[in-house]
Amino acid sequence: MYSQGLIGAKTDTDEDEAFLAAFQARIDAEEKIEPNDPMPEGYRKTLVRQIGQHAHSEIVGMLPEGNWITRAPSLRRKAALLAKVQDEGGHGLYLYSAAETLGVSREQMTEELLSGKAKYSSIFNYPTLTWADIGAIGWLVDGAAIMNQIPLCRCSYGPYARAMIRVCKEESFHQRQGYEIMMTLARGTPEQKEMAQDALNRWWWPSLMMFGPHDSDSQHGDQSMKWKIKRFTNDELRQKFVDATVPQGEYLGLSFPDPDLRWNEERGSYDFGEIDWDEFWRVVKGGGPMNRERIVARRKAWEDGQWVREAALAHAEKRRARREATKLAAE
Ligand SMILES: [Fe+2]
Ligand SMILES: [Fe+2]
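As the structure is a prediction and not an experimental result, all values here were calculated from the model. (Residues numbered from 1 in each chain as written. Chains lettered and ligands numbered in written order. Predicted model: local features only at pLDDT ≥ 70, side-chain atom pairs only at ≥ 80, totals over all residues. Heavy atoms only, no water.)

### Looking at the overall build of the protein
The helix and strand tally for the protein stands at 13 helices and two strands. Over its C-alpha atoms, taken along the principal directions, the protein stretches across nearly 80 × 50 × 35 Å. Of all 331 residues assigned to the protein, the portion counted as buried reaches 48%. Within the protein, contacts between residues separated by at least 24 positions form 77% of all contacts whose residues are at least 6 apart in sequence. (Helix = DSSP H or I, 4+ residues; strand = E, 2+ residues; numbered from the N terminus. Buried < 20%, exposed > 50% of the residue type's maximum accessible area, 1.4 Å probe, protein only. Contact = heavy atoms within 4.5 Å.)

### A few points about the coordination of the iron ion (ligand 1)
Octahedral six-donor coordination of a metal ideally yields angles of 90 or 180 degrees, compared with 109.5 degrees for tetrahedral four-donor coordination. Every protein donor of the iron ion (ligand 1) is listed here as Glu58 (OE), Glu88 (OE), His91 (ND1) and Glu171 (OE), and their distances to the metal cover 2.0 to 2.2 Å. Sequence positions of the donors to the iron ion (ligand 1) reduce to the motif E-x29-E-x2-H-x79-E. Separating the iron ion (ligand 1) and the iron ion (ligand 2) is a distance of 3.4 Å, and Glu88 donates to both of them. Highlighted residues: Glu88 and His91, both in helix 4 (residues 75–100), separated by three residues, approximately one helical turn. Of the two residues, Glu88 and His91, both sit in the buried class. (Donors = N, O, S within 2.8 Å, 3.2 Å for Na, K, Ca; no water.)

### Some words on the coordination of the iron ion (ligand 2)
Bound to the iron ion (ligand 2) are the protein donor atoms Glu88 (OE), Asp142 (OD), Glu171 (OE) and His174 (ND1), situated 1.9 to 2.2 Å from the metal. Considering all four donor atoms around the iron ion (ligand 2), angles at the metal cover 89 to 164° and the coordination shape is irregular. Each donor residue of the iron ion (ligand 2) lies on one chain, and together they are spaced E-x53-D-x28-E-x2-H. A relative accessible area of 5% places Glu88 in the buried class. For His174, a relative accessible area of 0% corresponds to the buried category. (Tetrahedral: all angles 85-135°; square planar, octahedral: opposite > 155°, others 65-115°.)

### A look at the pattern of salt bridges
Summed over the entire model, instances satisfying the criterion amount to 20 salt bridges. For Glu30, the salt bridge identified is with Arg231, shortest N-O distance 2.9 Å. With Glu30 in the loop between helix 1 (17–28) and helix 2 (41–60) and Arg231 in the loop between helix 9 (221–226) and helix 10 (234–252), this residue pair connects regions lying 201 residues apart in the sequence. In this structure Glu30 comes out as partly exposed when scored by relative accessible area, which is 41%. Overall, Arg231 belongs to the buried group, its relative accessible area being 16%. One salt bridge in this structure joins Glu65 and Lys84, with 2.6 Å as the shortest N-O distance. Remark: Lys84 occurs in helix 4 and Glu65 occurs in helix 3 (residues 62–66); sequence separation between them is 19 residues. (Salt bridge = Lys/Arg side-chain N within 4 Å of Asp/Glu carboxyl O.)

### Quick look at the nonpolar core
Core analysis: the biggest nonpolar cluster contains 49 residues, and Trp131, Trp139, Leu140, Trp203 and Trp204 have the highest contact counts within it. With residues up to four places along the chain from it excluded, the contact list for Trp131 reads Trp68, Ala72, Pro73, Arg77, Leu81, Ile181, Leu185 and Met195. (Core = buried A, V, L, I, M, F, W, Y, C linked by side-chain atoms within 4.5 Å.)

### Side note on the environment of Phe173
Tracing the backbone through its elements, the reader meets Phe173 in helix 7 (residues 158–186). Put simply, Phe173 and Ala21 are 152 residues apart on the chain and 41 Å apart in space, counted from C-alpha to C-alpha. Excluding residues within four positions of it along the chain, Phe173 makes contact with Ala80, Lys84 and Asp87.

Here's what the structure looks like:
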């Protein structure tokens, strides 16, 4: 009765306890769940939401950095940034494909992004004002992404976990190229150091927001942990990120825009100040400095690509008709 894949995915009401318990037992045994395996509808929906949101973040994340490709300060910087932005496009494609294995189409996901129904990481709703922002994004934003994504390599859903392995390798290159930009600026002229400090001041808090609301305010946290979609909570990941990043900032000789940031000997971790949650929710809900521009840019890209999608479909249809005709003639 539970042998159907996605198409016959069960609704919440007809999932009996035996089915849910058997599914949980597979998860607890660290088995990977694959596209055609029976799965609770809630599991499928959670993954569609999370992978879709992740894919959108990769694609929208190309915009703030793409903004600097033509203005990179040297050929070497331009080549590295171009490769990085291209990688992000690739990440988006693997992730859209992973989401498609759960029965949602690329068109549906795109429509939800453009209508504002689907979210993407709020960090990309902040503008990139100077070249140092490219350094800060690589160092902090890709650094936070790595912290989030390394545990996803062990996510219970096979296609998502496998996509993350390659993504994480590329992210570590992104993080290093950003840190190296910061290092060069921090060791440069006073103006360059000032630029690096200003970028850190603007990107620090939004980077901490990337881990999402506190565990106590997180809607989906517990169930995702139980299903091993997530392996660490938002607050655990945020703390790991702070602990890894603060010494890197100190090495650069820069300071963090948080008067409450200090090492806590007892905890063996850094204490840090409270995030401005009003700003967090405002940006999540569409009120960030760049929300509108980002969606306008994505809509334009989708509309500009319409003829390509139509041409590909028409070509496929012609080939099919030709094949049919040859088959008929041979009979
Ligand atoms: Fe990425
Ligand atoms: Fe990246």
